Amino acid sequence: MSHADLSEHRMMLANSVADFARGVDLKRVRRLSESKAECDRKLWSQMAELGWLGVLVPEDYGGMGLKLADMAIVAQGLARVLLPEPLTAAAVLAARVISDGSNEALKSKLLEGLVSGDMLPALAWQEAAGTLDTGNVSAQATPFEGGFRVNGTKKFVIGASHADGYIVSADSARGMQLLWVPKNTAGATIGFDMLADGRQAGTLNLKDVTVSKDNVLNSGAAATNSVACALDHAAAIASAELTGIMGRSLEITLDYLKTRVQFGKAIGSFQALQHRAVDLYIQQELSGAVLNDVLTVLDEEPDAKTRSAAASRAKARCTDAALLITRQSIQMHGAIGFTEDCDVGLYVKRAMTLAAWLGNGTAHRRRYAKTEILEGAAV
Amino acid sequence: MSATAQQIDYNAMSDEDFRKQAREFFENEYPDELRFMPRRLSWEESKPWWLTLSKKGWLAPNWPVANGGMGLDPAKLIIYWEETERAGIGRMPDQGVTMVGPTLIRFGNDEQRAKYLPKILSGDNVWCQGYSEPNAGSDLASLRTEAVLEGDHYVINGSKIWTSMAHNATNIYVLVRTDKAVKQQRGISFLLVDMKTPGITLRTIKNIAGGEEFCQVFFDNVRTHKDNLVGKPNEGWTIAKGLLTYERLNIGSPRRPLQAFEQLDPLARELGLFNDQGFVDRYTQLKMDLNDLGSLYQRYVDKVRNGEALGPDISMLKVFAMDTYQRLAELLLEAGAEYGALADEITLGGKKIDLMTPFYTSRPGTIYGGSNEIQRNILSKYVLQLPN
């Protein structure tokens, strides 16, 4: 595919996402904490039909076999209207781990289900807060003849509330295992904590859960590496979501600055607010430039160190910029900005939950420091 | 300018070949003692390299071949710049090449081009810029130095300030008021003046770093022939504005802050600061800011490479670049603790480390070429379109 073709196909993708987004009403997100309906399976099927759930899935498995730069277009466009469906959690984080799986039969089944929208998987990798270390797992998988028996607790599972099953990482005498645990499996119970934006973070308890050999997705170093890679890719796409959020939040705020009149003129004519708006705009543009570079690096499939450094650059910048822009959006709206009726509050809350997910700014700067600065500094 | 230089079509070369040629030339011919200087070069320091470039036909990469330049297309021009940065080539008193040449090529007439361009290339004329005035800094359009046409001559009265390197210069280009009756921007003209003209006096201004790069230039009934008017009368503002975007791209390059960063590494190692999480956090933030500046800069470089025009949004590059540069220079002093208060270069662990120069070099960066506040006004008005 030539470069010109590529641009054209990305333009078409962006247009179809924008068309879809125009039909989305923020009412649903506003009521999310009551409805708890963060994944509308009918809408999810429509997204599947548009091919968006399979952007990153190889063509052999029914997907589009495209790049992260394409996925970013979809994620950014849908984040502008705060779509709560677990697109990044399922179609990037889980999809990557499944695509890397060594169990061909299971891989086919899960990928085809994901692409069609019929099967919603969630990756349950995390246990402690504030870590990006995928290898340090307490959950235990004890081998028996037919497979493994699993015990442990997985936390902060995003996209779990409507999931049909979980991909669980667990340590064993044979190294790390990635295991497919369908919803309602005996011994597997899921509880939820509500996130600030009304979505749900799952806590998966596993007590003597039996996983047959057929449901072992991947094992050993390959399993650990695939989760690390998935985290980096998902962090980059979450960064794309953050650029969508900051972009829309700044648009709303600029409109307000142009129309809200105080002291006899539009408040956007006051230099204090103009300069602040400019500083927010600079952060937005910086985020876009960094994200673009990072996606280019990731799509070249570099070594793990380069990949993680790139993902950290995107997540650190986009997180901090989105938090700054959305919080300042409240400030520049004044009191109305702090009300439930005003849209900017919804953008602040989604920015906060995406910021905390997959490593916040501090976590990513610390990780970057560890591999890119301290290891070279010979201290 | 050499005859052979004019015959080479650099744009027909592959990017790799051109880069290789530029790299070898800059590596072999540029004086090593002037590489990666933390300040601008004086004319005296610059002259040998100026003449070397001139002889090879490489002094004016952005001028058309017909005018003695290299005639590089945007992609090759970017390579030229990248290679000068890579080789650590210093900033010369280059107003003739960067400002006067392009102005005359775009807005001047044949006589002016024939008279002035060869002397820029030969190093016989060194130009300085007369824009700011004591009462017209950020509000440049309010300038009051006036020029009145008497017979064949414009008679200039007033003064220009912050004129970098004026004491090295043989010529000055000035913005002057030629019509007081119209809106400020519309009554300004662009004039060329020989610094030896009777009535011109100079006062050097010492800056806080102790250097004397700045001057104030006084004009007392200074006569310049009307042939030295560039463009039409009262069109000077448009001419001056048209030249600023490439300058902002240059100012936004991560090169200078990167040089300052290279002082921070050995300092931090010697003082054991990489064991201090507080320091590491600030260091990492700045290092990532610098990388992100690189991404933003690259976006504009790619635009130039693709032949796209640069719009007013490029002001953001200057704002972020200079802000990052200053924060970096400040961390350098903070990290140095007591060393950070010493006036001169220090020696630590056998290495010379220059803590103070990045501070003095970065400080005026948010003031010159349109202060960061003016850049924000530009972004607010022309990009965000916020009301007045």
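Conventions we followed
- Along each chain, residue indices are assigned from 1 in the same order as the chain's sequence is written.
- Starting at A for chains and at 1 for ligands, labels are handed out in the order in which the entities are written.
- Only residues with pLDDT of at least 70 are given local features in this predicted model, and only at 80 or more are side-chain atom pairs given and counted; all residues enter the totals for whole chains, interfaces and linings.
- The basis for every side-chain value is the complete set of heavy atoms in the structure, and neither hydrogens nor water enter the calculation.
- Here a helix means four or more residues in a row that DSSP labels H or I, a strand means two or more in a row labelled E, and each is numbered from the N terminus.
- For the radius of gyration, the atoms used are the C-alpha atoms, and the globule rule reads 2.2 Å times the number of residues raised to 0.38.
- Here's how the labels work: a residue is buried when its accessible area is under 20% of the maximum for its type, exposed when over 50%, partly exposed in between, all with a 1.4 Å probe on protein chains only.
- When checking whether two residues touch, look at their non-hydrogen atoms; a contact exists if any pair is within 4.5 Å.
- Think of each axis as a best-fit line through the C-alpha atoms, taken over the contacting stretch in the case of a helix, with angles from 0 to 180 degrees between the N-to-C directions.
- What sets the label is the angle itself: under 35 degrees gives roughly parallel, over 145 gives roughly antiparallel, 65 to 115 gives roughly perpendicular, and the rest give oblique.
- Polar here means any residue outside two lists: the nonpolar Ala, Val, Leu, Ile, Met, Phe, Trp, Tyr, Cys and Pro, and the charged Asp, Glu, Lys and Arg; Gly therefore counts as polar.
- Simply put, the buried area is the total loss of 1.4 Å probe accessible area from both parts when two parts are fitted together.
- Whenever Lys or Arg places a side-chain nitrogen within 4 Å of a carboxyl oxygen from Asp or Glu, that contact is recorded as a salt bridge.
- Two cysteine sulfur atoms form a disulfide, by the criterion used here, when they sit within 2.5 Å.
- If DSSP finds at least two bridges between two strands, the strands pair.
- Neither His nor the chain ends contribute to the count of charged residues, in which Lys and Arg are positive and Asp and Glu negative.
- Domain extents, as shown, originate in an automatic or database domain assignment.

### With respect to the overall build of chain A
So, step 1. What chain A contains, in helices and strands, is 12 helices and 10 strands.
So, step 2. A compact globule built from 379 residues should have a C-alpha radius of gyration of about 21 Å, and chain A, at 21 Å, falls within 12% of that.
So, step 3. Considered along the principal axes of its C-alpha atoms, chain A spans approximately 80 × 55 × 45 Å.
So, step 4. Within chain A, the fraction of its 379 residues that count as buried is 56%.
So, step 5. The contacts in chain A between residues at least 6 apart in sequence include a share of 75% that link residues at least 24 apart.

### A look at the environment of Leu-328 of chain B
All names here are of chain B.
So, step 1. Tracing the backbone shows Leu-328 in helix 11 (residues 315–336).
So, step 2. Each C-alpha atom of the pair Leu-328 and Pro-312 lies 26 Å from the other, and the pair is 16 residues apart in sequence.
So, step 3. Not counting residues up to four positions away in its chain, the partners in contact with Leu-328 are Pro-257, Ala-260, Phe-261, Leu-264, Leu-286 and Leu-290.

### Quick notes on the packing of helix 5 (residues 68–79) of chain A against helix 6 (residues 87–99) of chain A
Residues and elements named next belong to chain A.
So, step 1. Packing of helix 5 against helix 6 leaves a shortest axis separation of 11 Å and a crossing angle of 170 degrees. Overall, the two elements helix 5 and helix 6 adopt an arrangement that is roughly antiparallel. Note on element contacts: helix 6 touches helix 5 through Leu-87, Thr-88, Ala-91 and Val-92, opposite Met-71, Val-74, Ala-75 and Leu-78.
So, step 2. Classifying every residue of the contact of helix 5 with helix 6 by side-chain character gives seven nonpolar, one polar and no charged.

### As for the interface of chain A and chain B
So, step 1. Listed per partner, the contact involves 33 residues of chain A and 32 residues of chain B.
So, step 2. In total, chain A and chain B occlude about 3000 Å² of area from one another, counting both sides; carbon and sulfur atoms represent 64% of this.
So, step 3. Summed over the shared surface of chain A and chain B, the number is six salt bridges.
So, step 4. Among the salt bridges present, the one from Asp-281 of chain B reaches Arg-366 of chain A, with a minimum N-O distance of 2.7 Å.
So, step 5. Secondary structure elements with two or more residues in the side of chain A that touches chain B: helix 8 (220–259), helix 9 (271–299), helix 10 (304–333) and helix 12 (361–377) of chain A.
So, step 6. For the side of chain A that touches chain B, the element with the most residues is helix 9 of chain A, which contributes 15 residues.
So, step 7. Considered class by class, the residues forming the side of chain A that touches chain B number 17 nonpolar, eight polar and eight charged.

### Structural notes on the state of the cysteines
So, step 1. In total, this model carries zero disulfides over all chains according to the counting rule given.
So, step 2. Counting only cysteine sulfurs, Cys-318 of chain A is the nearest neighbor of Cys-229 of chain A, a cysteine outside any disulfide, at a range of 18 Å.
So, step 3. Left without a disulfide partner, Cys-128 of chain B is nearest to the cysteine sulfur of Cys-215 of chain B, which lies 7.7 Å away.

### A word on the packing of helix 9 of chain A against helix 10 (residues 277–305) of chain B
So, step 1. Put simply, helix 9 of chain A and helix 10 of chain B touch, their axes get as near as 8 Å, and they point 90 degrees apart. The angle between helix 9 of chain A and helix 10 of chain B places the two elements in the roughly perpendicular class. Judged by residue contacts, Glu-285, Leu-286, Gly-288, Ala-289, Val-290 and Asp-293 of chain A of helix 9 of chain A engage Asp-292, Ser-295, Leu-296 and Arg-299 of chain B from helix 10 of chain B.
So, step 2. The residue makeup of the contact of helix 9 of chain A with helix 10 of chain B, split by class, is four nonpolar, two polar and four charged.

### Some points on the sheet that holds strand 7 (residues 200–212) of chain A
Residues and elements named next belong to chain A.
So, step 1. If you walk across this open sheet you meet the four strands as 2-3-7-6, and the pairing is antiparallel. One side of each edge strand has no neighbouring strand; the edge strands of this open sheet are strand 2 (140–144) and strand 6 (188–194). When strand polarity is set aside, the average angle formed by the axes of neighbouring strands in this sheet is 10 degrees.
So, step 2. Bridge count between strand 2 and strand 3 (residues 147–158): five bridges; the pairing is antiparallel. Bridge pairing in strand 3 places Thr-142 opposite Arg-149.

### Quick notes on the environment of Gly-175 of chain A
Residue and element names in this part refer to chain A.
So, step 1. Following the sequence through the fold, Gly-175 ends up in the loop between strand 4 (165–170) and strand 5 (177–182).
So, step 2. What makes Gly-175 partly exposed here is its relative accessible area of 24%.
So, step 3. Gly-175 sits 44 residues away from Ser-219 along the chain, and the two C-alpha atoms are 6.7 Å apart.

### Structural notes on the side chain of Lys-107 of chain A
All names here are of chain A.
So, step 1. Assignment of secondary structure puts Lys-107 in helix 7 (residues 104–116).
So, step 2. Buried Lys-107, no salt bridge; nearest opposite-charge side chain is Glu-104, N-O distance 4.2 Å.
So, step 3. When near neighbours in sequence (up to four residues on either side) are disregarded, Lys-107 contacts Tyr-61, Ile-98, Ser-99 and Gly-101.

### Here's the deal with the environment of Ser-42 of chain B
Residues and elements named next belong to chain B.
So, step 1. Its location among the elements puts Ser-42 in the loop between helix 2 (15–29) and helix 3 (43–56).
So, step 2. Linking Ser-42 and Met-92, residues 50 residues apart in sequence, is a C-alpha distance of 6.8 Å.
So, step 3. Beyond its immediate stretch of four places on either side in the chain, Ser-42 contacts Pro-93, Met-165 and Asn-168.

### A few points about the domain arrangement of chain A
Residue and element names in this part refer to chain A.
So, step 1. Considered domain by domain, chain A is made up of domain 1 (3–120), domain 2 (122–219) and domain 3 (222–377).
So, step 2. Summarising the inter-unit geometry, the C-alpha centres of domain 1 and domain 3 are found 21 Å apart.
So, step 3. In this complex, domain 1 contributes 23 residues to the contact, which on the side of domain 3 involves 29 residues.
So, step 4. Across the domain 1/domain 3 interface, buried area totals approximately 2300 Å², and carbon plus sulfur atoms make up 66% of it.
So, step 5. On the domain 1 side of the interface with domain 3, the three residues burying the most area are Arg-30, Leu-68 and Arg-80, jointly 30% of the side's total.
So, step 6. Counting across the interface, domain 1 meets domain 3 through two salt bridges.

### Quick look at unusual backbone geometry
A negative phi holds for most residues other than glycine; trans holds for most peptide bonds.
Residues and elements named next belong to chain A.
So, step 1. Its identity is not glycine, yet Phe-156 carries a phi of approximately 50 degrees, on the positive side.
So, step 2. Inspection of the secondary structure puts Phe-156 in strand 3.
So, step 3. Residue classification places Phe-156 among the partly exposed positions, given a relative accessible area of 36%.
So, step 4. The phi angle at Glu-301 is positive, at roughly 50 degrees, despite the residue not being glycine.
So, step 5. Here Glu-301 lies in the loop between helix 9 and helix 10.
So, step 6. Glu-301 gets classed as exposed once you look at its relative accessible area, which sits at 68%.

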